[in-house]
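Remarks on the overall topology
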Amino acid sequence: MENKEELDVEVLHAQGLKPIVEWKRFGILCVGSFGLIAASFGYAYNLISSDLQKSIGLTQKELTAISTCGVVFQYATLPYAFLYDYLGPIPVACLAIFYYALGALLMALTTAKVIKGDVVRLCVFNAINNHGMLLYDMSGCVTVLSHFPTMRGLTGCLLKSYVGLGSSIVGTIQLAFFADRIDYFFYFLMAYAIVAGGLIICFTRLPPYHLTGYEIKHLSPEVKEERERTKAVYLRTKPPMGRFVYGYAIIVVLIVYLPIQSCLVAYKDLGKNYKVAFAIVTIVITLCNVFIFFPTPMEIFRRLRHKPATEDNTLEIEPTQMEIKLVENDDVHTDEDGDSMTGNMEPTHDEEGSVAQSKMVETDVDYIAPQYKGTFLRNLLTLRLWCIAWTLFCLSGAEFTIITNASYIYGAIDRKPTKANIRTLLSTLNGVGSAFGRLVMATFEHLTQHRPVEKRIPITWAPFIPIGLMTLCLVFFLTLPSTALPLAYVLCALANGAQAAQTLLVTRTIYAKDPAKHYNFCFVATLLANIVCLPFLYGEWYYQMSLKTGGYNGYCFGRKCVMMPFLVLLGLVVSSLCSSLYAALRYRAFCNRVLAERRKLRHEEADEDSVRENNEEELVDQVAELQTKMA
């Protein structure tokens, strides 16, 4: 079936379409960023695992069972992907609020001992809690990327950075305000999740060209065609880079600030006042993200300067209400201050890298990578989708085993229980490293996809970055002393961030239809990896070894406690090289065929223009000859 993949090069027509209002789609990006922080709460389990163990008297095996239930249900989101593709993000966001608020409330009541806690109840409560987390990712991230089809790398990795940084942000707040009351911490998480979900419901909508299954069935063919035409504007409009620079500046500040304050707290034994001050600064920096969609000072000055110059009220009308008609060979672009305006189109490139002629036909491939046009159910029959899933299975199994059990793995190699400050440090390193890994993938995507069409590097080569990082990480865990273990945790976090970003980018780049289904199908692999690796490969082995070595308070001391699981995980990660290579080569062959079809289409259009010009010249000559005879 892969050899018979249909080639559908879409020709763009942007005549008569309205420009994009930039502040609105960057407002949707801002809302998505806060929603992705809520999606990161599952990574903060390491912060509360010790408190659960002390208050209820749980063993390491029981803690692993609780975390595994949470992670499994966190990634059981494929059914909701069908709901998203049929009705859009609003129903998914409503379910996210319901699940997370209910789960956090039950966990708060359990830790406050209003509800009697045991392993079964905690497994159920944590599963309900985590089940809503990834729905924030789906309702926010998948939607925002549809508004930035030509900037998927910068947009997706900016959003995903908050998934990594979210655990560090939450860890700082928990250490400052809720260190002694874990139930209050869950109330705080519940309140934040409700607010973030409410913002998604109120402000997040799909762009007009992205039709849901319900709209495809109920809209008239004329309306569907008109809405699908708007895709040309989204492809041809270049978002203002200044806003992206501002968004990434906040992320860089957090990446630098969070580990520094965490190290100071962990190694200098700073008091509560310092912790509160650090938390307040963290909150202020995070809230600065709202300015990403605010009008710039230059934009405000320009509007004030032009306002008295004319008594026409059209300057005061919202851009969405203006009937702006685009000239056939013109386009919408955004100026340096973020205003949408008509002007010259963003240049496309031919095979030699030169600017295409204005009369040359424009296609979607001029702006985005070639895409498989088949549906999700059809792509399930292809080996490439299962290879992508196998790569994710191997990587996520290794990453989540380390991240979820970070303090116990550190304690095993260090041969003593892990202190609370060290747990916070590991959580911070995970969050910051994960965010930086996403930045690496954003850079890779931007540099490889914004090149001349024929010189792009397929995004399917991206998985080799987290594979290489995770291989080094596991080798370091098997060989380095405890004093150097933070380096291994940093590599794991980098791999986790890069893997999360490439999962989103690969599926959204190479598949044109059913974006939520393709994206969330990859999480089925993550779900299975956590079922296999957490309770059985790691959890059972660690528990049995703790019994043999006489471990203390759930700990197992000695590198042999993690040697066997890590060797198996290393083998799985190395095997993912083969699956990633197959998917990359298949997609490379598909790209070559699509580009050949594009060249054929452009040459045919050029031949038609040449024939038309020759006919016009012949007609002119005939008219001139007739006039001469009449004279």
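Residues numbered from 1 in each chain as written. Predicted model: local features only at pLDDT ≥ 70, side-chain atom pairs only at ≥ 80, totals over all residues. Heavy atoms only, no water.

Before going further, it helps to spend a moment on the overall build of the protein. When you go through the protein residue by residue, the secondary structure sums to 23 helices and 2 strands. Expressed as a percentage of contacts within the protein between residues at least 6 apart in sequence, the contacts between residues at least 24 apart total 83%. Summed over all atoms, the accessible surface of the protein reaches about 26,300 Å², with 64% contributed by carbon and sulfur. (Helix = DSSP H or I, 4+ residues; strand = E, 2+ residues; numbered from the N terminus. Contact = heavy atoms within 4.5 Å. Areas by Shrake-Rupley, 256 points an atom, 1.4 Å probe, with all protein chains shown as cover.)

Checked against the element boundaries, Thr172 lands in helix H8 (residues 152-177). From its side chain, Thr172 meets the backbone oxygen of Ser168 in a polar contact 3.0 Å long. Sequence-distant contacts of Thr172, that is, excluding residues within four places in its chain, are made with Leu258, Gln261, Phe278, Ala279 and Thr282. (Polar contact = N/O pair within 3.5 Å; in protein donor to acceptor, adjacent residues only side chain to side chain.)

Across all of its chains, the model carries 1 disulfide by this definition. Sulfur-sulfur distance for the disulfide between Cys556 and Cys561 comes to 1.9 Å. As the torsion about the S-S bond is roughly -65°, the Cys556-Cys561 disulfide counts as left-handed. A disulfide-free cysteine, Cys533 has its sulfur positioned 8.5 Å from the sulfur of Cys394, the nearest such atom. (Disulfide = S-S within 2.5 Å.)

In this model helix H21 (residues 485-510) runs 37 Å from its N-terminal to its C-terminal C-alpha over 26 residues, within 8% of the 38 Å that 1.5 Å per residue would give. For H21, a buried count of 23 out of 26 residues is recorded, marking the element as mostly surrounded by other parts of the structure. (Expected span 1.5 Å × (residues − 1). Buried < 20%, exposed > 50% of the residue type's maximum accessible area, 1.4 Å probe, protein only.)

All told, the structure shown has 8 salt bridges when counted by the stated rule. For Asp85, the salt bridge goes to Lys517, with nearest N and O atoms at 3.2 Å. Taken together, the residues Asp85 in helix H4 (residues 78-87) and Lys517 in helix H22 (residues 515-549) connect sequence positions 432 residues apart. For the pair shown, Asp85 and Lys517 are each scored as buried. (Salt bridge = Lys/Arg side-chain N within 4 Å of Asp/Glu carboxyl O.)

Counting residues in each nonpolar core, the largest one holds 163 residues, and the members touching the most others are Tyr136, Ile402, Met470 and Phe477. When residues of this core are sorted by domain, at least three fall in each of domain 1 (25-223) and domain 2 (372-618). Excluding anything up to four places from it in sequence, Met470 contacts Leu395, Ala398, Glu399, Ile402, Cys492, Ala495 and Val573. (Core = buried A, V, L, I, M, F, W, Y, C linked by side-chain atoms within 4.5 Å. Domains from an automatic or database assignment.)

Look at helix H7 (residues 133-147) against H22: their axes get within 11 Å of each other, and the N-to-C directions meet at 145°. Crossing hand, H7 versus H22: right-handed. Of the residues in H22, those in contact with Leu134, Asp137, Met138 and Val142 of H7 are Pro515, Ala516, Tyr519, Asn520 and Phe523. Residues belonging to the contact of H7 with H22 are distributed by class as follows: 7 nonpolar, 1 polar and 1 charged. (Axes fitted to C-alpha atoms, helices over the stretch in contact; angles between N-to-C directions. Left-handed = near helix turned anticlockwise from the far one by under 90°. Nonpolar A, V, L, I, M, F, W, Y, C, P; charged D, E, K, R; others polar.)

Attention now moves to the confidence of the model for the protein. Overall, the prediction assigns the protein a mean pLDDT of 80, with 82% of residues at 70 or greater. Long-range and interchain partners of residues 309-359, a stretch whose pLDDT sits below 50, account for 104 contacts in this model, where long-range means more than four residues apart. (pLDDT = per-residue confidence, 0-100.)

A positive phi angle, near 65°, is found at Lys113, a position not held by glycine. Looking at the element boundaries, Lys113 is found in the loop between helix H5 (89-111) and helix H6 (119-131).

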